[in-house]
Amino acid sequence: MNDDLSVRVNDDLSVRVNDDLSAGVNADLPAGAWPWLHDLARWIGSWLWFLVFRLHLHDRDRVPRTGPVVVVANHSAFVDGPLLFGLFRRRAVFWVKQEMFVGPLGWVLRRLGQVPVRRGTADRTPLTAGLAVLRGGGLVAIFPEGTRGTGDVTAVQQGAAWLARTSGAVVVPVVCRGTRRPDGARRRFRPRVDVMVGEPVTIPAGGGRAGLAAATEAVRAELAAAVRELDTRRSS
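Each chain has its residues counted from 1, following the order in which its sequence is written. Where totals are concerned, whole chains, interfaces and linings use all residues; where local detail is concerned, this predicted model gives features only for residues with pLDDT of at least 70, and gives and counts side-chain atom pairs only at 80 or more. Computation of side-chain values: all heavy atoms of the structure, hydrogens and water removed.

1. A closer look at the overall build of the chain
Rules: Only DSSP runs of H or I reaching four residues or more are called helices, and only runs of E reaching two or more are called strands; each is numbered from the N terminus. The criterion used for residue contact is that any of the two residues' heavy atoms lie within 4.5 Å. Surface exposure here means Shrake-Rupley accessible area, sampled with a 1.4 Å probe, where a residue is shielded only by the protein chains that are shown.
A tally of regular secondary structure across the chain gives seven helices and seven strands. Counting helices and strands in the order they occur from the N terminus, the chain gives α-α-β-β-α-β-α-β-α-β-α-β-β-α. Taking all contacts inside the chain whose residues are at least 6 apart in sequence as the whole, residues at least 24 apart take part in 79%. Accessible area of the chain: about 11,000 Å², with a carbon and sulfur share of 54%.

See the structure below:
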């Protein structure tokens, strides 16, 4: 299944996003979210995945407990998002593909404060929602590869870099390994899963399209380096 979560960013879109924020409410969750439900779901996630996986967490304390943060994570399995949701020790707003927001599941996702993303379009809705959360001191989590794959981070989309540059938020790379079942392998019982948090980084603030491209490559490089570091730890 294609989980393309890319958001195309252009100059006109940036202007419209900032205009939309003038009518928005800055908070660590989007409008319409139920904070108590979000916190309950995070609490469940904080212990549930230790029953499902042999879960090893590395450097979780690198995620700042306060202030605006853009988490960028590699993406190789459907479970990556639900897994990370309960592990940050603070509220987390994820970008989730629009197709998930149907029926009862869509209602729950909105109450949890998750943000729908229309795939492959210049969609200002997630940018506006994400920027409001960051300006309210919150955390936004994005899978910048835009689709599930091997999780090696060979290419990323621009949305995460745009949010970090525009809001001044730090970027925190987070890597998951072990959630992806190898092709042709049987279902595994409590496989080992590692989650590692990289060092927070500040994205360069150069302007224009060239600046955004440079910032996007900086995000990719940091996340890819974190993947290599975790792979080394797992093999040692």
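2. Regarding unusual backbone geometry
A positive phi is found at Asp-59, a non-glycine position, where the angle reads about 60°. Mapped onto the secondary structure, Asp-59 falls in the loop between β1 (54-58) and β2 (69-73). Of note, Arg-190 is a non-glycine position whose phi angle comes to about 45°, a positive value. With respect to the helices, strands and loops of the structure, Arg-190 is situated in the loop between β6 (170-177) and β7 (192-197).

3. What about empty space enclosed by the protein?
Which parts of space are left empty comes out when a probe the size of a water molecule is rolled across the atoms. Threshold: In this analysis a 1.4 Å probe is tested at points of a 1 Å grid over the protein atoms alone, and where it fits but cannot get out there is a cavity; an open set with protein on both sides within 12 Å along at least five of seven lines is a pocket; lining residues have an atom within 4 Å of a point. Grid points are joined across faces, edges and corners, and a volume is the space filled by probe spheres set on the points. Amino acids are sorted into nonpolar (Ala, Val, Leu, Ile, Met, Phe, Trp, Tyr, Cys and Pro), charged (Asp, Glu, Lys and Arg) and polar (every other residue, Gly among them).
Following the criterion strictly, the structure yields two cavities of 30 Å³ or more and no others. Among the secondary structure elements, those contributing two or more residues to the lining of the largest cavity are β1 and β7. Classifying every residue of the lining of the largest cavity by side-chain character gives seven nonpolar, one polar and one charged.

4. Focus: the packing of aromatic side chains
Within a pair of aromatic rings, the relevant descriptors are the distance that separates the centres and the angle that separates the planes. Worth spelling out the cut-off: In this analysis, rings of Phe, Tyr and Trp, with Trp reduced to its six-membered ring, are considered paired at centre separations within 6.5 Å, and the interplanar angle assigns stacked below 30 degrees, edge-to-face beyond 60, and tilted for intermediate values. The classification of residues rests on relative accessible area computed with a 1.4 Å probe and restricted to protein chains. Under 20% of the type maximum is buried, over 50% is exposed, and intermediate values are partly exposed.
Considering all chains together, one arrives at seven aromatic pairs under this definition. Here the aromatic rings of Phe-94 and Phe-143 are separated by 6.2 Å at their centres, their planes lie at 40°, and the arrangement is tilted. In this pair, Phe-94 is assigned in strand β3 (residues 93-97) and Phe-143 in the loop between β5 (139-142) and α6 (159-167), connecting sequence segments 49 residues apart. Comparing Phe-94 with Phe-143, the two get one shared label, buried.

5. Quick word on α6
Among all positions of α6, only Gly-159, Ala-160, Ala-161, Trp-162, Leu-163 and Ala-164 are buried. Of the residues flanking the end of α6, it is Gly-168, one or two places downstream, whose phi is positive at about 80°.

6. Digging into the nonpolar core
Short version of the rule: Definition used in this section: a nonpolar core is a set of buried Ala, Val, Leu, Ile, Met, Phe, Trp, Tyr and Cys residues joined via side-chain atoms within 4.5 Å.
Grouped together as the largest cluster of nonpolar side chains are 36 residues, with contacts concentrated most on Val-70, Trp-95 and Leu-163. Elements with a contribution of two residues or more to this core: β2, β3, β4 (115-117), α5 (124-135), β5, α6, β6 and α7 (208-235). Sorting elements by how many residues they give to this core places α7 first, with eight residues. With sequence-adjacent residues up to four places away left out, Leu-163 is seen in contact with Val-70, Trp-95, Leu-127, Gly-130, Leu-131, Leu-134, Val-140, Ile-142 and Gly-168.

7. Overview of the confidence of the model for the chain
The criterion, for reference: Within a predicted model, pLDDT stands for the predictor's per-residue confidence, ranging from 0 to 100.
Averaged over all residues, the pLDDT of the chain equals 88, while 88% of them reach at least 70. Below a pLDDT of 50 lies the segment residues 1-6, which in the model reaches 29 contacts outside its immediate sequence neighbourhood of four places, other chains included. Taken together, the stretch residues 19-24 has pLDDT below 50 and engages in six contacts with residues farther than four places along the chain or on a different chain.

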